[in-house]
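Listed below, chain by chain, are the residues.
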Amino acid sequence: MEDQSVVDVGDVRLAYRTWGDPFGSPVVLLHGLGGSSRSWEAVGALLGEEWRVYAIDMRGHGESDWPDEYAFEQMRDDVLEFLDACELDRVGLVGHSMGGVVAYLLAEEHADRVERLVLVETPPPFPGQLVADGHPAGPVDYDENAVPAVRAQVADPDPGWEQELGQIVAPTLMIAGGPESSMPQARLADMASLIPDCRLLTLGGGHHPHQKHADQVAQQITEFFTS
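Residues numbered from 1 in each chain as written. Predicted model: local features only at pLDDT ≥ 70, side-chain atom pairs only at ≥ 80, totals over all residues. Heavy atoms only, no water.

### Re the pairing of strand E3 (residues 26-30)
Side-chain positions along a regular strand alternate between the two faces of the sheet.
Consideration 1: Summarising burial for E3: five of the five residues are buried, a large majority.
Consideration 2: Taking every second residue as pointing to the same face, both faces of E3 are buried, with Pro26, Val28 and Leu30 on one and Val27 and Leu29 on the other.
Consideration 3: Relative to strand E4 (residues 52-56), E3 runs parallel, the two being bridged by five bridges. Following the sheet pairing, Val27 is matched in E4 by Val53.
Consideration 4: With respect to chirality, the unit in which E3 leads through helix H1 (residues 41-47) into the neighbouring parallel E4 is right-handed.
Consideration 5: Sheet topology places E3 next to strand E5 (residues 91-96); four bridges connect them, and they run parallel. Counted as the bridge partner of Leu29 is Val94 from E5. (Buried < 20%, exposed > 50% of the residue type's maximum accessible area, 1.4 Å probe, protein only. Helix = DSSP H or I, 4+ residues; strand = E, 2+ residues; numbered from the N terminus. Pairing = 2+ DSSP bridges. Right-handed = clockwise from strand over helix to strand, strands pointing away.)

Here you go:
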């Protein structure tokens, strides 16, 4: 069964959803630009059969605060403070697109908090990359001011992001969306080669494999976390 809660972290309040046994091993899910914890509903419910799952609405998205300040470093620190507030010592961390960048930055800076890392269709830290998430038609459930801030950092990342990939100690699984994705798949392979213990898996489904192939993504994550 899914539950929804909020927690204060620094200067923002983050909303999040949970699934599974409260005493299960923790898995944290981070969504992409313009998304929310809703994008993880199917995967979260499946993972909740074995794990304690937390899916966060990142700052400026969903039911979380929209503070009009959006940098990846701030989002990384939000997640770190979320772990502290929820008394989560080490977690399995899963991020899609923007959330994947936040996830690997946390794994770089706070290796002691990330047990295993899964990056789903995550833009690599190379100049000139694009965030593939688009603008939906009609009302949106995120602060549109977040879009240019996030895209600017993805297109021109801090050089340290790439340099520190080699410092990630958590075993890492990268999931790619294949030729249907607008993200350059060859650059995902380049990124995978820089992470010491990393496997790249192409599932298909374009940029949102966790929504198009939720059962396969949940199965791959479970097998990876238990291997």
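Next comes the rest of the description.
### A closer look at the sheet that holds E3
By way of backbone hydrogen bonds, the strands of a sheet pair with one another, either parallel or antiparallel.
Consideration 1: Here we have eight strands laid out as an open sheet, ordered E1-E2-E4-E3-E5-E6-E7-E8, and mixed in their pairing. With one partner strand each, in any of the chains shown, strand E1 (3-9) and strand E8 (198-202) form the two edges of the open sheet. Adjacent strand axes in the sheet meet at a mean angle of 20 degrees, parallel and antiparallel pairs treated alike.
Consideration 2: Direction of pairing for strand E7 (residues 172-176) relative to E8: parallel, over a ladder of five bridges. Within E8, the position partnered with Thr172 by the bridge is Cys198.
Consideration 3: This element, helix H6 (residues 185-194), spans strand E6 (114-120), E7 and E8 of the sheet and lies at about 175 degrees to E7. (Axes fitted to C-alpha atoms, helices over the stretch in contact; angles between N-to-C directions. Contact = heavy atoms within 4.5 Å.)

### Structural notes on the layout of surface pockets
Over the atoms a probe the size of a water molecule is rolled, and this reveals where empty space is left.
Consideration 1: Quantified by volume, the second largest pocket comes out at close to 150 Å³.
Consideration 2: Going through the elements one at a time, E3, E5 and E6 are the ones with two or more residues in the lining of the second largest pocket.
Consideration 3: Partitioning the lining of the second largest pocket into residue classes produces five nonpolar, two polar and three charged. (1 Å grid on protein atoms, 1.4 Å probe; cavity = no way out; pocket = protein on both sides within 12 Å on 5 of 7 lines; lining within 4 Å. Points joined across faces, edges and corners; volume = space filled by probe spheres on them. Nonpolar A, V, L, I, M, F, W, Y, C, P; charged D, E, K, R; others polar.)

### Overview of the side chain of Asp57
Consideration 1: Its location among the elements puts Asp57 in the loop between E4 and helix H2 (72-85).
Consideration 2: Buried within the structure, Asp57 lacks any salt-bridge partner; Arg17 is the closest side chain of opposite charge, at an N-O distance of 5.1 Å.
Consideration 3: Looking at Asp57, its side chain comes within polar contact range of the main-chain nitrogen of Glu63, at 2.8 Å.
Consideration 4: When near neighbours in sequence (up to four residues on either side) are disregarded, Asp57 contacts Leu14, Ala15, His31, Ser36, Ser37, Gly62, Glu63 and Ser64. (Lys, Arg positive; Asp, Glu negative; His and termini not counted. Salt bridge = Lys/Arg side-chain N within 4 Å of Asp/Glu carboxyl O. Polar contact = N/O pair within 3.5 Å; in protein donor to acceptor, adjacent residues only side chain to side chain.)

As far as function goes, none of this settles anything; it's purely spatial.
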